[in-house]
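Chain and residue survey
The primary structure of each chain is shown beneath.
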Amino acid sequence: MSGAALLALPKSGLRAAEPGQASASSPWAVYYADAAPLSEFRPYRLLVLDSRTHPPLQPLADRGRTLLGYLSVGEVETHRPWFGRVKGWGILDQENPNWPGSFYVDLRDRRWVKLVVEELVPAILREGFHGVFLDTLDNPPHLERTDAKRWRGMTDAAAALVRAIRRNWPDIGLMQNRAYEILPQTAPLLTHALGESVYSGWDFAAKRPHRQSAEDYRFQVEALKAAGVLNPRLGLHTLDYWDPADAAGIRAIYELQRGNGFSPYVSTVELDRLIPEPPR
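Residues numbered from 1 in each chain as written. Predicted model: local features only at pLDDT ≥ 70, side-chain atom pairs only at ≥ 80, totals over all residues. Heavy atoms only, no water.

**What to know about the pairing of strand E9 (residues 192–196)**
- Of all five residues in E9, five are buried, a share of seventy percent or more.
- Alternating residues of E9 divide into His192, Leu194 and Glu196 and Ala193 and Gly195, and every residue in both groups is buried.
- Direction of pairing for E9 relative to strand E12 (residues 235–241): parallel, over a ladder of five bridges. From the neighbouring strand, Ala193 faces E12, where its bridge partner is Leu236. (Buried < 20%, exposed > 50% of the residue type's maximum accessible area, 1.4 Å probe, protein only. Helix = DSSP H or I, 4+ residues; strand = E, 2+ residues; numbered from the N terminus. Pairing = 2+ DSSP bridges.)

The following block contains the structure:
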């Protein structure tokens, strides 16, 4: 999709909503690798980094960056050191079809909650991060929707896990990715809320970015803005995927999301390189 076509799309229904109370003005980025030189991080005030494969943290912290370490709490990946232990507990389910090697985990199991709160979060903080980025929390509601009997209570368990982390770590940064079903409960506990693929997501079958439907776009915008009303200090962020060669298209997404009152970042689905906002 060309930048010109993208710019035309808001006129057909994907218009920016009125800015919310909780607008995050500081530029931010997601980066799950360790090769980028320090100079490439200069534009960003907030960084979400992989908790194991990341650039040196102290130089970034010394330059005033807020650093959040990645933690998947609704899935467990085979390359994580705790995979074998969790698999041995028998609480892993099917593999995520979009991300081979990542398996859904039963958040209702107290052993998983204990591991997250007492081991995984502290390990991220000891590494030098200022807080934690909670990913895959939208899986529990998804599983409960697909099989309400088997997965009864998963949505509540997801919210309870966020509460447990905040209760044990009251002062750390905490960003939740999507999981809009629990956001009304967790928004007061968070420092940041992220909408991933709000305007444009990734088509895993076609292996290319795609626009979300107008209905899905509006739902996500409204959910994020509602969270901002519940917590006026909450940073509201978006992560959209687009062709990095289409500078006009990326600029249009930045403009759209800033019009919504959000702090945007546009990248590729691999999130293994920093893609700067194109100049105007």
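**Thoughts on helix H9 (residues 247–259)**
- Along its 13 residues, H9 runs 18 Å from first to last C-alpha, staying within 8% of the 18 Å computed at 1.5 Å per residue.
- Buried within H9 we find Gly249, Ile250, Ala252, Ile253, Tyr254, Leu256 and Gln257.
- Of the residues trailing H9, Gly261 is marked for its positive phi of about 90°. (Expected span 1.5 Å × (residues − 1).)

**Some remarks on the UniProt feature "domain: Glycoside-hydrolase family GH114 TIM-barrel" (unreviewed entry) in the protein**
- UniProt's entry tags residues 49–272 with the feature "domain: Glycoside-hydrolase family GH114 TIM-barrel" (unreviewed entry), counted in the numbering of this structure.
- Helix makes up 39% of residues 49–272 and strand 24%, whereas the separation of the span's terminal C-alpha atoms amounts to 10 Å. (UniProt positions renumbered as here; feature names shortened; annotations may be inferred.)

**Observations regarding the packing of helix H5 (residues 139–146) against helix H6 (residues 154–168)**
- Running from N to C, H5 and H6 point in directions that differ by 170°, and their axes come no closer than 7 Å. Comparing their axes, H6 and H5 come out roughly antiparallel. As H5 packs across H6, the resulting crossing turns out to be right-handed. Residues Pro140, Pro141, Leu143 and Glu144 of H5 form the contact with H6, whose own contacting residues are Met154, Thr155 and Ala158.
- For the contact of H5 with H6, the residue count by class is five nonpolar, one polar and one charged. (Axes fitted to C-alpha atoms, helices over the stretch in contact; angles between N-to-C directions. Parallel < 35°, antiparallel > 145°, perpendicular 65-115°, else oblique. Left-handed = near helix turned anticlockwise from the far one by under 90°. Contact = heavy atoms within 4.5 Å. Nonpolar A, V, L, I, M, F, W, Y, C, P; charged D, E, K, R; others polar.)

**Remarks on the pattern of salt bridges**
- Inspection of every chain in the model, using the stated rule, returns ten salt bridges.
- Asp106 serves as the salt-bridge partner of Arg108, at 2.9 Å between the closest nitrogen and oxygen.
- Taking the shortest distance from any N to any O, the salt bridge between Glu118 and Lys114 comes out at 2.8 Å. Here the residue Glu118 and the residue Lys114 both occupy positions in helix H4 (residues 110–127), the gap between them amounting to four residues, near one helical turn.
- Using a relative accessible area of 48% as the deciding quantity, one classes Glu118 as partly exposed.
- Taken together, the shared-partner salt bridges in this structure form one network comprising Asp50, Glu77 and Arg80. (Salt bridge = Lys/Arg side-chain N within 4 Å of Asp/Glu carboxyl O.)

**Quick notes on the sheet that holds strand E4 (residues 75–77)**
- Overall, antiparallel pairing links the three strands, which are arranged E4-E6-E5 in an open sheet. This sheet does not close on itself; its edge strands, each paired only once, are E4 and strand E5 (92–95). The mean inter-strand angle of the sheet, taken between neighbouring strand axes irrespective of direction, is 35°.
- Bridge count between E5 and strand E6 (residues 102–105): two bridges; the pairing is antiparallel. Its bridge partner lying in E6, Glu95 is registered against Phe103.

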